[in-house]
Each structure stands twice: as C-alpha cells, then as structure tokens.
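Given next are the chains, with one letter for each unit.
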Amino acid sequence: MLMLALDTSTSAITVAVHDGETVLGDHTVLDARRHTELLAPGITTALAAAGVAVTDLTDIAVGVGPGPFTGLRVGLVTALTLGHTRGIAVHGVCSLDALAQGAGIEGDFLVATDARRKEVYWARYRGESGVPTRLSEPVVGRAADIPAEVRALPVVGRGALLYPEALPDGGEPLDVYAGDVALVAQRALEAGEALPVEPMYLRRPDALTTAERQAAVERA
Amino acid sequence: MTDEPLVLGIETSCDETGVGIVRGETLLVDAIASSVDEHARFGGVVPEVASRAHLEAMVPTIERACATAGVALTDLDGIAVTSGPGLAGALMVGVASAKALGIGLGVPVYGVNHLASHVAVDIVEHGPLPEPTMALLVSGGHSSLLLVPDVTDDIRPLGSTIDDAAGEAFDKVARVLGLPFPGGPHIDRAARDGAIEIDFPRGLTSGRDMERHRYDFSFSGLKTAVSRWVQARQAAGEDVPVADVAASFQEAVTDVLTRKAILACQEQGVGHLQIGGGVAANTRLRAMAQERCDRAGIQLRVPRPGLCTDNGAMVASLGAQMMAKGRVPSGLDFPADSSMPVTDVHNEPAGPASAHDALHAG
Ligand SMILES: [Zn+2]
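Residues numbered from 1 in each chain as written. Chains lettered and ligands numbered in written order. Predicted model: local features only at pLDDT ≥ 70, side-chain atom pairs only at ≥ 80, totals over all residues. Heavy atoms only, no water.

Student: Please provide a residue-by-residue account of the nonpolar core, values included.
Tutor: It is characteristic of soluble globular proteins that their nonpolar side chains tend to be buried jointly. In terms of nonpolar packing, the biggest core is built from 88 residues, with A:Leu4, B:Leu8, B:Ile21, B:Leu76 and B:Ile79 touching the most fellow members. If you look at the next biggest cluster of nonpolar residues, it comprises 46 residues, including B:Val138, B:Phe217, B:Ile262 and B:Ile275. (Core = buried A, V, L, I, M, F, W, Y, C linked by side-chain atoms within 4.5 Å. Buried < 20%, exposed > 50% of the residue type's maximum accessible area, 1.4 Å probe, protein only.)

Student: Pulling in residues and values, what's your account of the domain arrangement of chain B?
Tutor: By a widely used convention, the size of an interface equals the accessible area lost when the partners come together. Residue and element names in this part refer to chain B. By domain assignment, chain B separates into domain 1 (6-121 + 311-360) and domain 2 (130-305). Relative placement of domain 1 and domain 2: their C-alpha centres are 27 Å apart. With 22 residues of domain 1 in contact, the opposing surface of domain 2 contributes 21 residues. Taken together, both faces of the contact between domain 1 and domain 2 bury some 1,700 Å²; the carbon and sulfur share is 68%. Inspection of the region where domain 1 meets domain 2 yields four salt bridges. A salt bridge links Arg 327 to Asp 150, with the nearest nitrogen and oxygen atoms 3.1 Å apart. If you look at where domain 1 meets domain 2, you find six residue pairs in polar contact (both at pLDDT 80 or more). When contributions to the side of domain 1 that touches domain 2 are tallied by element, the ones reaching two or more residues are helix H1 (36-40), helix H4 (114-126) and helix H12 (312-324). No other element matches the seven residues that H4 contributes to the side of domain 1 that touches domain 2. (Domains from an automatic or database assignment. Contact = heavy atoms within 4.5 Å. Buried area = accessible area lost by both parts, 1.4 Å probe. Salt bridge = Lys/Arg side-chain N within 4 Å of Asp/Glu carboxyl O. Polar contact = N/O pair within 3.5 Å; in protein donor to acceptor, adjacent residues only side chain to side chain. Helix = DSSP H or I, 4+ residues; strand = E, 2+ residues; numbered from the N terminus.)

Student: A description of unusual backbone geometry should follow, citing residues and the corresponding values.
Tutor: In the segment running from B:Gly84 into B:Pro85, the intervening peptide bond is cis, with an omega of -10°. By the element assignment, B:Pro85 lies in the loop between strand S4 (78-84) and helix H3 (88-105). The omega torsion of the bond from B:Phe181 to B:Pro182 falls at -5°, within 30 degrees of zero and hence cis. In this fold, B:Pro182 is placed in the loop between helix H5 (166-176) and helix H6 (183-191). Positioned with a positive phi, A:Lys118 is a non-glycine residue whose angle comes to about 60°. With respect to the helices and strands, the residue A:Lys118 is situated in the loop between strand S6 (107-114) and strand S7 (120-128).

Laid out in structure tokens, this is it:
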C-alpha cells in the first residue's frame, strides 16, 4: 500500500504519503484561502519528501468535509482526478474523524471546526485505546446551541478558539493532518467499510428558486 | 502530423463543465455537461449550484471525452484550463482538476484566459487565425471588442460593455416577456414570428457617446426601455406582442454590435472579424453580421453555435496554440482569477527572482 492522503476542509492544506505503517513524507501549509494555488505543489513536495513517484501510488484518501465549500471541493476534485488519471481507488474520509484521530483523547470529546457565518461543524466522539468512535452525525450550527453537557467536553478544532465562551475546554489539534486521514481510511478499509467520496456540505446553496421567491412574496 | 500537440482543455468558468480534446488545429471531441436545468429553477446561474455540479461532472466528463475521441489520457501532451475570468468557485474546480491531470500524467499545464479561448476556438473550425483578427465576444458574462495580433500572446481590448453584458440583457428581457431562462434561445425563437417595428434605443451610438465610448457597449438602457414599453402596454390593458418586442429588441442589440465591430475593423485596418460567445449563436446576429461584412469587404468568421457557447474545445485549442508556439507552461501554483484581464492570455510562471527564492527557501 502506498496511499496519498489529503484534506482541504480546515485551514490546513495538508498532504501525506503513507505506506500502511507510517508516514513517508508530508507537506502542510496553513492558508484557508489559497487551496487552488497551494494544494498541487504540496502534493509534489510530499511525494518528493517521501521519495515516491506518482506512478507508485496505489490508493488515495481524501477528507470529504464538512468544511467551507470552495476549499473542500479543491481537495475532492484533485483526489478524484488524480485517482482517475492513475487508475487507482479514491477513498472518502469524514474530516472530523481525522481531527478526532489526531486528538488522541481517551473518553468523550467534541470536534468543532469553523463553518464560517458564526457557526461550527461538530460531532461528538469517544476515544478508547487510541481509537476514536463517532457518536453522532456531523451537523452545522452555532456553538452556543450545542447541548450544554456536550459543550463542557474537551474540544479539538478551531471551534473552541473562535467561540471560547461556548466551548471553554479547547485544545489541539486545530486543523486536519493528512497523516490522520490516511490512518482513518486504512482502518476503515481493513474493517471492510465503503468509503464513498461524497462531499459533506450540510448546507443548501444560498438561493431561492423562482417558486420559493414567489411563495415568499405571497406570504409577505 | 503526429508532432502536433494533443491537448485536453477544461472549462468551468460558469455553468458548463466542458472537456475538449484537440490535436493541433483539429477538434477531436467537445464534451459538455451542463447544469443549466438546475439554474432554470432559480431564474439565473447560482454560483454554488454551478460549483457543486462541476465537482460531480468533472471526472465523468473527462472520461466521456477520452472515450469518444479514442484517446488515452497517457497520450496527452498537455493540459489547458480556463483560469479566469469567471465565477471564482467554479473556476477552482477546473483548475484543480487540470493540475491533478498534470501531476498524474507528468505533462505541462497551461492556465488560460477564457476570452482568448473564445477567439482561439475558431482555429479548429476555420483554420489558422489571420494576424491580426478583430474579435467580438458576446455572452451572458462579457461583451468585448478585441484586437488580436496573436491569440497566444497579444490581445488588446478596444471596448466592452459599460453596464450589462449582451447575454444578460437577453435574459432580463426574456423575464420581462415571461420567457424561460436562459433568454437567448427563447428570444431568438420568439423573434422569428415577430415584426421589427418598435424603435428601441441603440446605446452609446450618439455623437457625444461615439467620442467617449467609440467601441464600448451599453445594454442597460435598452433593457429598461423594453420593460417600460411592456409595462405601458400592460397598464393600458392591452396584450403584449411578445414576438414583436423580441424581434425589435434583438434588432437593437445586433445593430449596435455589428455596427461597432465593423467600424473597429475599418478604423484599425483589420480585414477579418470573428464573433464568439453564447450570443454569437443568435441567428439574427449571424445573418446581420454576414450581410454587413459582405458589404464592407470584411471576412467574417463565426464558429458553429455549439463552439460559440462555453466549451472545453476552445480551451484545448488555445492550449494547442500555446504549445505549438512554445509558450512557457503555467506550472502548478497559478490561481483561479475571477477578474483575469484579457491582456493576460495565460498564467506565466513566477519570474526568475521568485524561482531563485524558492530554491533557497528550504
Ligand atoms: Zn464565455
């Protein structure tokens, strides 16, 4: 197994090459606005650091979000196109699961990332012997609207940094690391799980159909 | 002939996911996936809807293009992609996909200008472009008059719309007339049964405007005039003669476009006019341009309607010209630039200074 893993759902544009045992090489840069410019050079840098040719890759894993749409799509289309070009499988991983993997927390905790518009993407996890299990489906909403007993848990991701009053027990990591995307993908593949590459948008596009606009006018 | 570059072009600047493959000056395939039906529900293009559709359609459209052309990805010599202007989020899907192809295949990637591609597409239709060529590009996103000495390197904007694009005016007038989105084809069809008898204004054609905005266009006043005319009819309790309004509006648009384009050819001493962009599919514009060019002794070049609207073949055609002329590839770190000026025909890689810095940074 020679897996290229990448994620663009948080502020990190992160790439890693993983051989099933360990990360052979990686490249991560923090820039929430320049995915288009930085991801492709990041891939070539990570491959070079690992001493791996693109033709040697056997698998690709990509974080499918949730995350801000524009950056998220850059990672997804890159993974899908590269996989098609090389004729290798592409596996989708929930990006919050990768953050949970990086947290290394035992017991219950919360992953909350920046969803912009004063909201967070979040899900609750339980760590046992270094393996986090997701207890709830990822959702988007205001940090203050998360149930109080959940908000009191330890938090990883930028959510706690942005909303410390609602999420007081924040810690690292703040962003996804591609090495963790690879780990989560490999564990799921070993368990025989399907890993479809479906973006987790969790929000509808911001637009009203002509029919909805008409209905709104009639209601007013 | 086999040394002609085989180039795949990707276009995602608006609502069409286009993938075309060109060998030199020969079109092999032009594959398109459109999300226009989804946008019709919203009465216009919704950027986020377009971007989501691009992501879903990207790889299947690449696959379809290769299968139809009988080309294996590994045969390709280069990749070209629209890097701007256009909808930022939509452009990013195409640019990222093109770079992944470049990495996976080990071939150069060219980020190219959308408007220049509209000009270059005519090479696969009518052969090499005369240098210089005058280009009139009219669509929902742009209305420009360009002097093109070299489509790979030297494009000079002479004029453009100062308010709405021509295609935008078609969409808005269609809405006023109760015709569906996109407005262009529906107005074209309605106008066939109409009489040109309403005298709508020709923007920026009066004496003073011809001094200050000689090659510029304006369609916002025309759109307002049409909607006032229709409202007055409705207020008087009369039926709106949709076909006549459509025909008269279309006549006003095509009159100004062709008049200024031919004037530019004559004043700049250019013997060839090329028309491109979605509005170039309009039957009245094509007929009027032909008539007036014939009279003025100007050679008119208009690609078939399918190559006038946004497509991947036009991007591939410009990419093939870039490779044939030995232009330097764009590298892997170029951005999607929603407001890319037409004078930037392609993304040049960072200069020697920054390349030097990068070498010594680590
Ligand atoms: Zn266009």
